[in-house]
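Here is how the chains run, residue by residue.
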Amino acid sequence: MNNSHDSMPKIRIRGLYKVFGSQSENMLPHIYNGVGKAELLSEHNHVLGLQDINVDMQVGEITVVMGLSGSGKSTLIRHLNRLIEPTAGEILVDGEDVMKLSKDGLRQLRMLKMSMVFQKFALLPHRTVLQNTALPLKVRAEDEELQKTEACRWLARVGLEGFEDNYPHQLSGGMQQRVGIARALTSNSDIMLMDEAFSALDPLIRTDMQDLLLELQLELKKTIVFITHDLDEALKLADHLVILKDGEVVQQGEPQNILLNPADPYIEDFVSDINRARVLKVRSIMTPLEGTLPADAHGHIQADDTLESVIAHSDGDTAHSYIVMKDDKPIGTLNMTDLVKALVPRIASKERETSVI
Amino acid sequence: MAFYDWVFDSTGLRSWCGENTQDGPATMAELLAKARGEGGGERELFPFPSLDNLHEACAEIPRTREMTAGVENAFLSAKDAMQYVLDPLTQPLSWFLEGALYIFTTVPWFVLVPLLVFIVWFVSRSFAVTVFVTATFLLLGAIDHLEVAMQTLSIIFVCTGLSVLFGVPIGIAMSKSNALQRFMIPVLDLLQTLPSFVYLIPLIFLFSITEPKLYGIAIILYAIVPVIRLTDLGIRLVDQDVIEAANAFGMNGRQKLFGVEIPLALPNIMAGVNQTIMMSLSMVVIASLVSAPGLGVLVLRGIRNLELGVGLVAGLGIVLLAIMLDRTSKAALARINVTHDSH
C-alpha cells in the first residue's frame, strides 16, 4: 500500500463545524468571528459540537480519533456518513463531497462505501447471527445465496463458525461485537467506521478484539476510522492519531510523534500515564546513521522493536548501544541512555524541542 | 325583578332584549318550584350567571334547554349529509359482521370447535391454554350456550380484526409525525373516556337500528384505541442504536419499517391487540342494546326480566370467553417475546 501522505487521502475533512441548536446556521458568523464554546452557550444558547476540523484519512490506514467524553468524537464519526448533519464544511470521500449528496446518493454511499461498527453492537435482536451478518447485502437486495456464503465466510473469519443460527442475545458481548465486525466486513466497503467499538467489552476481550482488528487489517487494508477514549487502545491501533478536545483537534500525527512531542499541557497530561516502554518504538528515538557504523555496538535490534524488548535484550545495562536494522540494513544507532531518557515524559519532550530546532 | 337585570340596564342592552319578558313553556325547575309553593319568591343570594338565570333578565338570551335542542337540530340537519357519506362507506362492516355471524352459526359445532382449538394451538403453542379453551367450549356446549357464545366470538373477531387493520397503520403514522400525535392523543382520550352509551345515541340516528354496522362501529371506536396507542408507543420505543445501524447500512424507509421497526415494536403492538380484544368484549353487552346478538342479549334479558340465573350464567360465559381470548393472545405474545429478548 502507498504510505506516502502526498497521495489523495481517502477521506478529507475541511473546515468542518457542527453547532447544536435551533438556529445553528445563524451562529456560524459568530464562530468565524472567534466566539468560543462557552460564550456561544451562555449568550446564544447553542452548543458548539465541532469546530474547524481538518483531518486527512489515508487509504489503508487506521485513523484513530481520541478524546474524552463530550469531546465530539462520536459526533465527528457520524458526520462522515451524515448520520448527523454538519453545519458547515467539506467532507470529501474519494474526492466527492458527502455534504452535496442527494438522499439517494447518501444511501448509496452508506450501502457501498462505508460500513459501521457500534459501541452497543446494535444488532437486530429478532434476526439470527447469520441474518444480521448478511444485512448489508440484504439491504442491497443481493442474491440470497451470495448473502449466505458471504456472511458465512466473514463469520468464520472472525471466529464465529457454528453460531450462525443463534440469536444475538444468546452470545456474549465480545461475540456480539464479532458479529458487528463481520456485518461491517460483509458490506465489503472500503471504509469502516468504528464508534468506540470495543469500549463496552471487558479488558481481556478488548485486547483480543484489537488483535483481531489488526490481523484483519494486515490482510484487508481498509480505511478505518476508529473512535476511542482509551489512549492505550489508540496508540496500539493508530497509524494516524487525532486528539480531540472540546470539539477541536488539539494535535494529530503519528502516535509515536505525539507521545514524544505533546503539543500542549493537555496532551502531556494525557500521555503521562502511558507505559512508554511498551508503546515507543526504536525507530522513533534512534539516532539516524551518519557515515560509518559504530564499532562498540552490542548487537542489532529492529526498528520496530518496542523499547521494552530492547531493555529486556540489554539486561538493563545502560552502557550498551545498538545498531538499528530495518529490512536487514542498518539505519541508525541507539544508546541505552537515550532510551532511558525517552521513558521520562518531560525530559523526552524537552530534549526533542531543543534537538528539533 | 331578576338578579341580572342590572347587567342589561347598565350596558344599554335592555332595548336589544326586548320588553316581552319571556313566555313559552316553563322549565322543569320552575314547575318544581311552583309545586313546592315557593312561587319564585325565594331566590338564591347570588345565582350563577347561567343561561337560565340570564334568560330571566333578558328574553333574548336562550335557555339551556334551547341550547341542547340546538345541538340536536344541528346534528339532525347534518344527518342526511353524514348518512349519505357514511352509509355506503360503512356498509362493508355490515357485510363482514353478517358473514362472520353466518359462518359461526351455520358451520356445525363438530367442525367449528376443533378448528378454533387448532387455531389456538397454532398461535399459542401452549398445551395448557389449548386444554383450557377446549374445556371452555365443551362447558358452554353442555349448558346450551355454545351458539350464543359463537355469535359473540364472531363479532369480536370482526371488530378486533378491523381495529388492528386500521389501528396499526394509524399508530405507525402517529409515531412518524409529532403533529399527528398531538392531534390524535386528545381524540383517543375522548374515544376512551366517552361513556359507551353516548356513542350509541348519534349512531342510532345515523343508521338503522337493525343494521349490524351500528354496533360494529360502536365496538370498533371503543376498542381501536389501545392498539393505536401501543403501536405508536412501540415504534417510538425501538432502540435508537438499532435504528442508527439500519440507517448506517443504507436502509430505506420501507426496509426500516418492515425489517426493523415493526418487528421490534411487535411485543407492544401485540399487547395493544390483547387490550383491543378485551375492550371489544366489554362492549358486547352494551352493543346488544342495539340488536347485537350473543351472550350480551342474555345478560340484558337477565336485567330486564330480573332472571337472575340467565344473566349470571351468560355473564360468566363472557368472563370465560375473555379469559380464553386473553390467555391465547398472551401466549402468542410470550412466544414473540422469547425471540426478541435481547437484554
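Residues numbered from 1 in each chain as written. Chains lettered and ligands numbered in written order. Predicted model: local features only at pLDDT ≥ 70, side-chain atom pairs only at ≥ 80, totals over all residues.

Here we look at the overall build of chain A
So, step 1. If you tally the helices and strands in chain A, you get 17 helices and 14 strands.
So, step 2. Expected size for 357 residues packed as a compact globule is a radius of gyration near 21 Å; at 23 Å, chain A falls within 12% of this value. (Helix = DSSP H or I, 4+ residues; strand = E, 2+ residues; numbered from the N terminus. Rg over C-alpha atoms; globule rule 2.2 N^0.38 Å.)

Overview of the overall build of chain B
So, step 1. From N to C terminus, chain B includes 15 helices and zero strands.
So, step 2. For 343 residues, the compact-globule estimate of 2.2 N^0.38 gives 20 Å, and chain B exceeds it by more than 25% at 27 Å.
So, step 3. Considered along the principal axes of its C-alpha atoms, chain B spans approximately 80 × 60 × 40 Å.
So, step 4. Per-residue burial over chain B gives 33% buried out of 343 residues.
So, step 5. Relative to all contacts within chain B whose residues are 6 or more apart in sequence, the contacts with residues 24 or more apart total 75%. (Buried ≥ 20, exposed ≤ 12 C-beta atoms within 10 Å, placed from the backbone. Contact = placed C-beta atoms within 7 Å.)

With respect to the confidence of the model for chain A
All names here are of chain A.
So, step 1. Mean pLDDT for chain A: 86, with 95% of residues reaching 70 or above.
So, step 2. The spread of mean pLDDT over the elements of chain A runs between helix 17 (residues 345–356), the lowest at 58, and helix 5 (residues 129–133), the highest at 94.
So, step 3. Throughout residues 1–5 the model reports pLDDT below 50, and contacts reaching past four residues in sequence, or to other chains, amount to six contacts. (pLDDT = per-residue confidence, 0-100.)

Thoughts on the nonpolar core
So, step 1. Core analysis: the largest hydrophobic core is formed by 157 residues, its most contacted members being A:Val64 and B:Ala218.
So, step 2. Ignoring anything within four residues of it in the chain, the contact list for A:Val64 reads A:Phe226, A:Thr228, A:Ala234, A:Leu237, A:Ala238, A:Leu241 and A:Val242. (Core = buried A, V, L, I, M, F, W, Y, C linked by C-beta atoms within 7 Å.)

A short note on the sheet that holds strand 11 (residues 287–288) of chain A
All names here are of chain A.
So, step 1. Taken in spatial order, the four strands of this open sheet run 11-14-13-12, and their pairing is mixed. Every interior strand has two partners, whereas the edge strands, strand 11 and strand 12 (300–302), have only one.
So, step 2. Note: strand 11 against strand 14 (residues 329–335), two bridges, orientation antiparallel. Its bridge partner being in strand 14, Thr-287 is matched across the sheet by Thr-333. (Pairing = 2+ DSSP bridges.)

Comments concerning unusual backbone geometry
So, step 1. A positive phi angle, close to 65 degrees, is found at A:Phe121, a residue other than glycine.
So, step 2. Structurally, A:Phe121 is set in the loop between strand 6 (114–117) and helix 5.
So, step 3. With phi around 75 degrees, B:Ser291 is a residue other than glycine that occupies positive phi space.
So, step 4. By the element assignment, B:Ser291 lies in the loop between helix 13 (253–287) and helix 14 (295–305).
So, step 5. Residue B:Ser291 is classed as partly exposed on the basis of its 14 C-beta neighbours within 10 Å.

Let's talk about the packing of helix 9 (residues 178–193) of chain B against helix 11 (residues 212–236) of chain B
All names here are of chain B.
So, step 1. Two elements in contact, helix 9 and helix 11, have axes whose closest approach is 9 Å; the angle formed by their N-to-C orientations is 145 degrees. Helix 11 is crossed by helix 9, and the crossing has left-handed handedness. Every residue of helix 11 that contacts helix 9 at Gln-181, Leu-188, Leu-191 and Gln-192 is listed here: Leu-221, Tyr-222, Val-225, Ile-228, Arg-229 and Asp-232.
So, step 2. A breakdown of the residues in the contact of helix 9 with helix 11 according to their chemical character gives six nonpolar, two polar and two charged. (Axes fitted to C-alpha atoms, helices over the stretch in contact; angles between N-to-C directions. Left-handed = near helix turned anticlockwise from the far one by under 90°. Nonpolar A, V, L, I, M, F, W, Y, C, P; charged D, E, K, R; others polar.)

Here's the deal with the sheet that holds strand 8 (residues 223–228) of chain A
All names here are of chain A.
So, step 1. An order of 6-7-8-3-9-10 is seen for the six strands of this open sheet, with the pairing classed as mixed. With one partner strand each, in any of the chains shown, strand 6 and strand 10 (248–253) form the two edges of the open sheet. Between one strand axis and the next, the sheet turns through 15 degrees on average, direction left out of account.
So, step 2. Bridging between strand 3 (residues 62–66) and strand 8 involves five bridges; their strand directions are parallel. Of the residues in strand 8, the one forming a bridge with Val-64 is Phe-226.
So, step 3. Helix 3 (residues 73–80) contacts strand 3, strand 6, strand 7 (191–195), strand 8 and strand 9 (240–245) of the sheet and is inclined by roughly 155 degrees relative to strand 8.

Comments concerning the interface of chain A and chain B
So, step 1. Opposite the 20 residues of chain A that make contact, chain B presents 18 residues.
So, step 2. Only helix 4 (103–113), strand 6 and helix 6 (135–139) of chain A provide two or more residues apiece to the side of chain A that touches chain B.
So, step 3. A breakdown of the residues in the side of chain A that touches chain B according to their chemical character gives 12 nonpolar, five polar and three charged.

Here's the deal with the environment of B:Asp239
All names here are of chain B.
So, step 1. Tracing the chain through its elements places Asp-239 in the loop between helix 11 and helix 12 (240–248).
So, step 2. Residue class for Asp-239 comes out partly exposed when judged on the 16 C-beta atoms lying within 10 Å of it.
So, step 3. Measuring from C-alpha to C-alpha, the distance between Asp-239 and Val-260 comes to 9.8 Å, with 21 residues separating the pair along the chain.

Re the packing of helix 7 (residues 144–157) of chain A against helix 8 (residues 173–186) of chain A
A packed helix pair is summarised by two numbers, namely the angle formed by the two axes and the spacing between the axes.
All names here are of chain A.
So, step 1. With their axes 9 Å apart at the nearest point, helix 7 and helix 8 run at an angle of 135 degrees to one another. Taken together, helix 7 and helix 8 sit at an angle that is classed as oblique. As for the relative orientation of helix 7 and helix 8, their crossing is right-handed in sense. Here Glu-150, Ala-151, Trp-154 and Leu-155 of helix 7 come into contact with helix 8, specifically with Ala-182, Leu-185 and Thr-186. (Parallel < 35°, antiparallel > 145°, perpendicular 65-115°, else oblique.)

Thoughts on the pairing of strand 8 of chain A
Residues and elements named next belong to chain A.
So, step 1. Buried residues dominate strand 8, accounting for six of its six residues.
So, step 2. Side chains of strand 8 alternate between two faces, with Thr-223, Val-225 and Ile-227 and Ile-224, Phe-226 and Thr-228 buried alike.
So, step 3. Pairing of strand 7 with strand 8 involves five bridges; the strand directions are parallel. Counted as the bridge partner of Met-194 is Phe-226 from strand 8.
So, step 4. In this fold, strand 7 hands off to helix 9 (residues 203–220), which returns the chain to strand 8; that crossover is right-handed. (Right-handed = clockwise from strand over helix to strand, strands pointing away.)

A closer look at helix 7 of chain A
Because an α-helix completes one turn every 3.6 residues, residues spaced three or four positions apart along the sequence face the same direction.
All names here are of chain A.
So, step 1. Helix length check: helix 7, at 14 residues, gives a terminal C-alpha distance of 20 Å against a target of 20 Å (1.5 Å per residue), a fit within 8%.
So, step 2. Taken residue by residue, helix 7 has Gln-147, Glu-150, Ala-151, Trp-154 and Leu-155 as its buried positions. Buried residues of helix 7 fall within an arc of 130 degrees about the axis and therefore sit on the same side. What points out from helix 7, more than 90 degrees from its buried face, is the exposed set Glu-145, Leu-146 and Thr-149. (Expected span 1.5 Å × (residues − 1). Arc of directions from axis to C-beta.)

Things to note about the pairing of strand 6 of chain A
Residues and elements named next belong to chain A.
So, step 1. Residues of strand 6 alternate between two faces, with Met-114 and Met-116 on one and Ser-115 and Val-117 on the opposite face, all of them buried.
So, step 2. Direction of pairing for strand 6 relative to strand 7: parallel, over a ladder of four bridges. Across the sheet, Val-117 pairs through a bridge with Met-194, a residue of strand 7.

Looking at the environment of B:Met324
So, step 1. Among the structural elements, B:Met324 can be located in helix 15 (residues 308–340).
So, step 2. Beyond its immediate stretch of four places on either side in the chain, B:Met324 contacts B:Phe132, B:Val133 and B:Thr136.

Regarding the confidence of the model for chain B
So, step 1. Mean pLDDT over chain B: 87, with 93% of residues reaching 70 or higher.
So, step 2. With pTM at 0.81, the complex prediction returns an ipTM value of 0.82.

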